[in-house]
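For reference, the chains in residue letters:
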Amino acid sequence: MENIIEVKALAKVFANQTALESVDFCVKKGEIFGFLGPSGSGKTTTIKILTGQLNPTNGEATVFGEPVSNLKKSSFRKRFGVLTDNSGLYGRLSIYDNLKLYCDLYDVPLSKINEVLDGVNLIAEKSKKVSLLSKGMTQRVVLARALLHEPELLFLDEPTSALDPVNTRHIYEGLRALNAKGTTIFLSTHDMHEAETLCDRIAFLDKGKIQLLDTPKKLKRNYSDSTITVELINDEKVVLPAGTEGAEQLFELMKDNQVVTVHSNEPTLGDIFVQVTGRKLA
Ligand SMILES: Nc1ncnc2c1ncn2[C@@H]1O[C@H](COP(=O)(O)OP(=O)(O)OP(=O)(O)O)[C@@H](O)[C@H]1O
């Protein structure tokens, strides 16, 4: 599958702070790629480099096969969208008028505005001034703006951090629909559940490097201890080992009608992160 982003030995050092030491990864066209890391691990810095807002200190990064330094050219501007915490909205204008400005800039028909507002559950609020919106609503407007021109590649920096569960679910549905239409999504988050729900592959960023990169399924399989937990009719829970010994014990329990449920003991992505990096995600 074609790579839409390629990053090799990427480094970023601020005056007295190494944000990225040596980062390597590729994002395949069409996937939702999760970029997981604790606060301060360099997720936003990576997005800024990949969108041409910040120059790397060392290493290479290409997007659409072009060095990231070329992304400032207007021919690339329409091909990607970015959602960061820096909203860039006009507080004195309404939601609708903010999006209208963006439509003019990106040659998007105005009819698209209602479609994206519907997708982020904001149709009823479209005449409200942006300065009067809550943080979560503002976040949804910024997402709507990023979706307006249906970019080939969308960068999302913690897109649901200020949202309640209902709106979060709404956003997930919107992102899945956009991805199904062909948009590749680069999603930075420290929410493991979000990563697991949405992402085809996940990279763990810590200490300036990618510590692990794989599909959620393979990560869990590789870090599973293969034990199972059996819940018994007397409410007791027993953990059985993998292999013949566990199978024999389970057989005996089942023969005596003692078993209520059987669960494989898969680690969560959070457990794996702690195992690999020695610290928690959030
Ligand atoms: N302009 C800057 N000048 C100096 N240091 C910076 C600058 N931008 C980021 N840093 C530092 O680089 C490191 C990585 O920051 P970054 O914002 O990329 O992390 P993050 O993973 O996005 O964190 P969070 O999840 O909290 O948003 C941090 O230690 C931060 O303090």
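Residues numbered from 1 in each chain as written. Predicted model: local features only at pLDDT ≥ 70, side-chain atom pairs only at ≥ 80, totals over all residues. Heavy atoms only, no water.

With an unreviewed UniProt entry as reference, the chain is termed ABC-2 type transport system ATP-binding protein, source organism Sporosarcina limicola. In its Subcellular location (unreviewed entry) section, the UniProt entry covering the chain states "Cell membrane". (UniProt positions renumbered as here; feature names shortened; annotations may be inferred.)

A. Fine view of the overall build of the chain. A count of helical and extended segments in the chain gives 10 helices and 13 strands. Principal-axis analysis of the C-alpha atoms gives the chain an extent of 70 × 45 × 35 Å. Of all 282 residues assigned to the chain, the portion counted as buried reaches 44%. A sequence separation of at least 24 residues applies to 67% of the contacts in the chain between residues at least 6 apart. (Helix = DSSP H or I, 4+ residues; strand = E, 2+ residues; numbered from the N terminus. Buried < 20%, exposed > 50% of the residue type's maximum accessible area, 1.4 Å probe, protein only. Contact = heavy atoms within 4.5 Å.)

B. Representation of the site of the ligand within the structure. In the vicinity of the ligand there are 13 residues, among which Ser39, Gly40, Lys43, Thr44 and Thr45 approach most closely. At 2.6 Å, a side-chain N or O of serine 39 approaches an oxygen atom of the ligand. A distance of 3.0 Å separates an oxygen atom of the ligand from a polar side-chain atom of glutamate 158. Coverage of the ligand by the protein amounts to 61% of the 640 Å² it exposes when considered alone. Going through the elements one at a time, strand S2 (17–28) and helix H1 (43–50) are the ones with two or more residues in the shell around the ligand. Counting residues per element, the shell around the ligand draws most heavily on H1, which supplies 3 residues. Per-class residue counts for the shell around the ligand are 3 nonpolar, 8 polar and 2 charged. (Near = heavy atom within 4 Å. Polar contact = N/O pair within 3.5 Å; in protein donor to acceptor, adjacent residues only side chain to side chain. Areas by Shrake-Rupley, 256 points an atom, 1.4 Å probe, with all protein chains shown as cover. Nonpolar A, V, L, I, M, F, W, Y, C, P; charged D, E, K, R; others polar.)

C. Broad picture of the packing of aromatic side chains. Following the criterion strictly, the structure yields 9 aromatic pairs and no others. Ring geometry for phenylalanine 25 and phenylalanine 186: centres 5.9 Å apart, planes at 35 degrees, overall tilted. A residue pair is termed long-range when its members are at least 10 positions apart, and phenylalanine 25 in strand S2 and phenylalanine 186 in strand S8 (residues 184–189) qualify at 161 residues. The exposure class of phenylalanine 25 is buried, given its relative accessible area of 4%. The class for phenylalanine 186 is buried, based on a relative accessible area of 0%. Ring pairing ties together the aromatic residues Phe25, Phe33, Phe35, Phe80, Phe155 and Phe186, which thus form one cluster. Directly above the aromatic system of phenylalanine 64 lies the positively charged group of arginine 79, at a separation of 4.0 Å from the ring centroid. (Phe/Tyr/Trp six-rings, centres within 6.5 Å; stacked < 30°, edge-to-face > 60°. Lys NZ or Arg CZ within 6 Å of the ring centre and 35° of its normal.)

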